[in-house]
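Architecture and fold: a report
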Amino acid sequence: MTEFFEVLDHDGAARAGELRIDPPVQTPGRVEDRVVDGGSLWTAAREAPTPDASALTIMPHRGFPTGTDDRLVGAFPPAGADRAGATAAVVTAGSADAVEADVYIPSDLPGKMGHAAAVVEAIVDLRRAIPADTGIYLAGCADAMNVAMLAYAGVDLVDATAATAAGYDGWYQTAMGTVVAAELTERPCMCPVCADGSGPLTDLAAVAAHNVHALDTELRRIRTAIAAGTLRDHVEMQARVEQWLTGMLRRIDHEYGYLEQRSAVIGRATIRATTDDTLRRVAIQRYAQRVTDRYQNRFQNPLVLVPCSARKPYSTSQSHRQFYDAIDYRAHVVSMTSPIGVVPMELELTYPAQHYDTVVTGQWSATEIEFVASVLQRYLTENRYPRVIAHVPQEGYRTICEQVAPNVDVPFTYTVSDHPTTQASLEALATELAGDLRYTKRERETKTVQAIADYQFGRGVGDALFPRSEIELNGRYPKLQVCDAEGTQLAVMVPQYGMLALSLAGANRWQQVVPDAATVQIDEFVPHGDVLAPGVTDADPAIRPGEEVLIDGPAAFGIGRAVMDGEAMVEAERGVAVDVRHIEAR
Ligand SMILES: [Zn+2]
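Chains are numbered independently. Their residues run from 1 in the order of the written sequence. Residue-level local features of this predicted model are given only where pLDDT is at least 70; pairs of side-chain atoms are given and counted only at 80 or more, and the full residue set underlies all totals for whole chains, interfaces and linings. The basis for every side-chain value is the complete set of non-hydrogen atoms in the structure, without hydrogens or water.

**Thoughts on the sheet that holds strand 1 (residues 5-11)**
Reading across the sheet, the three strands line up as 1-2-3 and stay open at both edges, with antiparallel pairing between neighbours. Whereas interior strands pair on both sides, the edge strands pair on one side only; in this sheet they are strand 1 and strand 3 (25-27). Adjacent strand axes in the sheet meet at a mean angle of 15°, parallel and antiparallel pairs treated alike. Both strand 1 and strand 2 (residues 14-19) contribute to a ladder of six bridges, which runs antiparallel. By the bridge assignment, Asp11 is partnered in strand 2 with Ala14. For two strands to pair, DSSP has to find at least two bridges joining them. Runs of H or I in DSSP of at least four residues are treated as helices and runs of E of at least two as strands, each being numbered from the N terminus. For helices, the fitted axis covers only the stretch in contact; all axes are lines through C-alpha atoms, and the angles between them, taken along N-to-C directions, range from 0 to 180 degrees.

**What to know about the coordination of the zinc ion**
Each metal's donors are the N, O and S atoms found within 2.8 Å of it, except that Na, K and Ca use a 3.2 Å limit; water is left out, so coordination can look incomplete. Bound to the zinc ion are the protein donor atoms Cys189 (SG), Cys191 (SG), Cys194 (SG) and His210 (ND1), situated 2.1 to 2.3 Å from the metal. In these descriptions, tetrahedral denotes four donors with every angle between 85 and 135 degrees, square planar four donors and octahedral six donors with opposite donors over 155 degrees apart and the rest between 65 and 115, and irregular any other case. Around the zinc ion sit four donor atoms; with metal-centred angles ranging over 98 to 117°, the donor geometry is tetrahedral. For the zinc ion, the single-chain donor residues occur in sequence as C-x1-C-x2-C-x15-H. With Cys194 in helix 5 (residues 192-195) and His210 in helix 6 (residues 204-228), the pair connects residues that are 16 residues apart, well separated along the chain. As far as burial versus exposure is concerned, Cys194 and His210 are alike and both buried. Throughout, exposure labels follow a simple rule: accessible area from a 1.4 Å probe, protein chains only, divided by the maximum for the residue type, with under 20% read as buried, over 50% as exposed, and the rest as partly exposed.

**Describing the packing of helix 7 (residues 231-238) against helix 8 (residues 243-254)**
Put simply, helix 7 and helix 8 touch, their axes get as near as 9 Å, and they point 140° apart. Classified by the angle their axes make, helix 7 and helix 8 are oblique. Touching Arg232, Val235, Glu236 and Gln238 of helix 7 are Leu245, Leu249 and Asp253, all from helix 8. Put simply, Ala, Val, Leu, Ile, Met, Phe, Trp, Tyr, Cys and Pro go in the nonpolar bin, Asp, Glu, Lys and Arg in the charged bin, and everything else, Gly too, in the polar bin. When grouped by side-chain class, the residues that make up the contact of helix 7 with helix 8 number three nonpolar, one polar and three charged. Angular relationships are summarised with four words: roughly parallel below 35 degrees, roughly antiparallel beyond 145, roughly perpendicular across 65 to 115, and oblique for the angles in between. By definition, residues are in contact when any of their heavy atoms lie within 4.5 Å.

**Considerations on the nonpolar core**
In this text, buried Ala, Val, Leu, Ile, Met, Phe, Trp, Tyr and Cys residues form a nonpolar core when linked through side-chain atoms within 4.5 Å. Ranked by size, the top nonpolar core spans 90 residues in total, and within it Leu305, Leu380, Phe412, Phe466, Trp510 and Met569 carry the most contacts. Residues within four places of Leu380 in sequence aside, it is in contact with Leu303, Tyr385, Val388, Val404, Val408 and Phe412. Counting 51 residues, the second largest nonpolar core, distinct from the first, contains Ala14, Ala148, Leu219 and Ala225.

**Details of the packing of aromatic side chains**
Given two aromatic rings, their pairing is described by the distance between the two centres and the angle made by the two planes. A pair of aromatic rings is counted whenever rings of Phe, Tyr or Trp (Trp by its six-membered ring) have centres within 6.5 Å, and the orientation is called stacked for planes under 30 degrees apart, edge-to-face for over 60 and tilted otherwise. This model, assessed by the stated rule, comprises eight aromatic pairs. A centroid spacing of 5.6 Å and a plane angle of 75° characterise the contact between Tyr329 and Tyr439, whose relative ring orientation is edge-to-face. With Tyr329 in the loop between helix 11 (318-327) and strand 15 (332-337) and Tyr439 in the loop between helix 14 (423-432) and helix 15 (441-457), this pair connects stretches of sequence that are 110 residues apart. By relative accessible area, which is 27% here, Tyr329 ends up partly exposed. Classification of Tyr439 by relative accessible area gives buried; the value is 5%. Plain terms: the ring middles of Phe457 and Trp510 are 4.5 Å apart, the flat faces sit at 45° to each other, and that makes the pair tilted.

**Some thoughts on the side chain of Arg544**
Structurally, the position occupied by Arg544 is in the loop between strand 26 (536-539) and strand 27 (548-552). Polar contacts involving the side chain of Arg544 include one to the side chain of Glu260, which spans 2.7 Å. Polar contacts here mean pairs of N or O atoms no more than 3.5 Å apart (in protein, one a potential hydrogen donor and the other a potential acceptor; neighbouring residues in sequence count only if both atoms are side-chain atoms). Only 3.1 Å separates the side chain of Arg544 from the backbone oxygen of Pro541, close enough to count as a polar contact. Apart from residues lying up to four places away in sequence, Arg544 is in contact with Glu260, Gln261, Ser263, Val265, Arg286, Ala562, Met564 and Asp565.

See the structure below:
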């Protein structure tokens, strides 16, 4: 609970916010010259300082060396804070819930720097132990190289102590790495220190000042990346600078539940897939998981596996138009792709299936082959087909199909001799489907909105929400409108994200037919504009940012899009919880 710290934007577990002191500090940001330290209780009994409107006041504290036994830490609970100003409490993950503060300072972390697993565990444990709308200040650790990874893990505030100390030791830091300042031949920086002269830096105070500039520059890049939704791209690059940062990225990715809870189901930016790290992103893993867990194939026809296209959505590409002509509504089409895995045709618009950009070289890494093969195998285990026609090129794709085929209970045939778009290959594909029945365009569109409903709301929801006999479709794909038998609109398809936006009638129906529909309970009021977090009395913890949610309270019912995850809505005392689309008074 805090009135001096506010999270204004999220990019996964990273947050952009503001420490409300005068003047305010943008986060992720550097705070040390704005701190009043209440001092150590080990050396003297101390009174808490009087809060200062222009500073973050650190309550008198007891720090513990890294590795101190929990029982010893527990014997000295953190001092309570006077909440009249912005306050910080020095804690460990284990002691954090004993004190209310705006900002929490982990005392056990500095000794762990350089140890990827320990740093990730400490940040994740602390973030889980404190309210979502409070800050983490990691004191004495940040430099231009590691600060992006710290912010990505959820750190809000840092200081320049470590960067300054490195400077006095003669180390010249930039985001790209560390060199000996006295051995510089050119200064790769245009900060005032570096611009004033050339060649080696021998004045250690100047090296330290440069290191602080480098840290501040990197903090600006981080805030810019969060605003653009591209921090993950930034850290995949930044992880290459030091070995332990690569380790830290892998460790954070292993905390999948932590990242997934905080990651929006739709993204602002195109995913630039350039490394194997990309395969572990939440957006990629979540799509693969939902396609195999929630999606179900509704077609009786054979499955045709095709390669992805650079152009998105796939069906607008030259190659896919040729495939669809040959298939002529006689097969279900699933595209194979790295880094997404498999994309059923109904979900080709659904985030992130049309929101990624990858280097097309025709060569697959072993990691890519393993990932796509595992998703395809899960997909074919969950979905029944009479047979599979693999209309794929030799490299990569065929290898994957031949790996998966023996492990699944469906026969495979291959229709490409040289390249998928040659006349011979397309004719082989058409011939293979010669005896199969056609489905109609209307059938395909109905199954598309049902499939998206499964993907978005859960397995089986497509049939419950939009039973085939009870709905009408209007509009042209991809701008489909789902109406009930009386013509009342239930939902529209949003082509940009391949998701459904429900109307009030659709929301009512969702609540009736799906008992565990994602719901945000609100107090007795009718929201005008957005639902703010203080108005939320309860929320489904499974809600993720960007998802459709029901808004339900004694005085109002409505539908909107979640801005925070479900747990954060309940904990937060500030900020927009739900972006309201339709609301009605009861
Ligand atoms: Zn410089």
